[in-house]
Amino acid sequence: EIETNKGILQSLLQHSKENDIARAGLTNSIHIIDYATVPDRPSGPRRLISVGLAFVLSLGLATAWTLVRERFDNTFRSISDVEKKLHVPALAIVPPLKAASRHGILSSIRPFALISNGHLQNHPELLLGFHDPITAEIYHQLRATLLLSREGMELKSLLVTSSLPSEGKTTTAINTAISLAESGANVLLVDGDLRRPNLHELLVVNNERGLSNALSNGMDSSEILSLIKKSDVQGLSLLTSGPQLKDSARLLDYEKLRHVITTLESEFTHVVIDSPPIVPFADSVILAAEVDGVLMVVHGGKSPQEIVLRSMRLLDDVDAVVVGVVLNNTKLQPLDTYYQSYCQKYYLGAR
């Protein structure tokens, strides 16, 4: 009986322990430490800090990009770049047409007589197309500088050229010739680009006979002068390139070229010659050796310095006289912008 009771007791104790373990598993172990409160403002995002960090980072990146661009920029962007690298004076800075309009330079455009056929309306950069006083003043200053750049020597013949195509040499040649003619001089504008002439297209004249005829046929002085055409601008005459020949380089014979230029100089106060680019062709170098001065046109922010320096060396090899550089299509510096705005107010107030 005692043994039986011991067995029953052990069984009860075992069941009791099992019940304690079961109860312990059902007990909730989560306790409330503190009750949550409703916030009165959002905890994020922190816009002011984010905007400040973004501004600092963007400013740093912009500064770094500017320094890198200036470090590796090998173009001409200012007068100091020209005079430091080329050691010749920068005679004029011609701003882009869009920039000129934005700064009010072309805000008072007045049609000129030659655009009656509407052909030149697509070329507002030409003084023939639009007679704007501010744009004209740039070339009037260029004219004055050219006439005084030879230290008393007369500048009869002037070659306008560039290192590469599409730098604005034809536009510069036309506007320079017009500016010289407006001073009362008898000016001849010559299309010396025998490979890709376009002067006759801009000025709407026929190109059946011109400079190529004079060089290929060995004309005398009277025959050369018979090739000259009158323009609608008082004091300005034209000599087109003439028909294109297969080998234009052979036309530029020293004796014939010297005879043509001497004949033209004897009849006109100034002879302005538009020539092909220097680097691709040798025509400009040959012409440069026969004229009184060379005006180099450089596209600001585009023409590589190495190419322009090579062109200057080619001109120096033939003892050509480079009177100066025109920075064409160049972004105006703050001082230039102020000057243009001042001139705009001055001219408008004078009306």
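Structural data are supplied above this passage.
Caption draft 1: Molecular detail of helix 12 (residues 305-317). The end-to-end C-alpha distance of helix 12 is 18 Å, a good match for the 18 Å that 13 residues give at a rise of 1.5 Å each. The complete set of buried residues in helix 12 reads Q305, V308, S311, M312 and L315. Buried residues in helix 12, looked at end-on, bunch into an arc of 125°, giving them a common side. Exposed and oriented more than 90 degrees from the buried face of helix 12 are R313 and D317. D319 sits one or two positions beyond helix 12 and adopts a positive phi of about 60°.

Caption draft 2: Broad picture of helix 10 (residues 254-267). Counted at 1.5 Å a residue, the expected span for helix 10 with its 14 residues is 20 Å, and the 20 Å between its end C-alpha atoms agrees. Of the residues making up helix 10, those classed as buried are L257, V260, I261, T263, L264 and E265.

Caption draft 3: Geometry of the pairing of strand 8 (residues 322-328). For strand 8, a buried count of seven out of seven residues is recorded, marking the element as mostly surrounded by other parts of the structure. Relative to strand 8, strand 1 (residues 90-94) is paired through four bridges, and the arrangement is parallel. Paired with A90 across the strands is V325, a residue of strand 8. One ladder, built from six bridges, connects strand 7 (residues 293-299) with strand 8; its direction is parallel. Within the sheet, the bridge partner assigned to H299 lies in strand 8 and is N328. Each parallel crossover has a hand, and the one from strand 7 via helix 12 to strand 8 is right-handed.

The rules we used
Residues numbered from 1 in each chain as written. Predicted model: local features only at pLDDT ≥ 70, side-chain atom pairs only at ≥ 80, totals over all residues. Heavy atoms only, no water. Helix = DSSP H or I, 4+ residues; strand = E, 2+ residues; numbered from the N terminus. Expected span 1.5 Å × (residues − 1). Buried < 20%, exposed > 50% of the residue type's maximum accessible area, 1.4 Å probe, protein only. Arc of directions from axis to C-beta. Pairing = 2+ DSSP bridges. Right-handed = clockwise from strand over helix to strand, strands pointing away.

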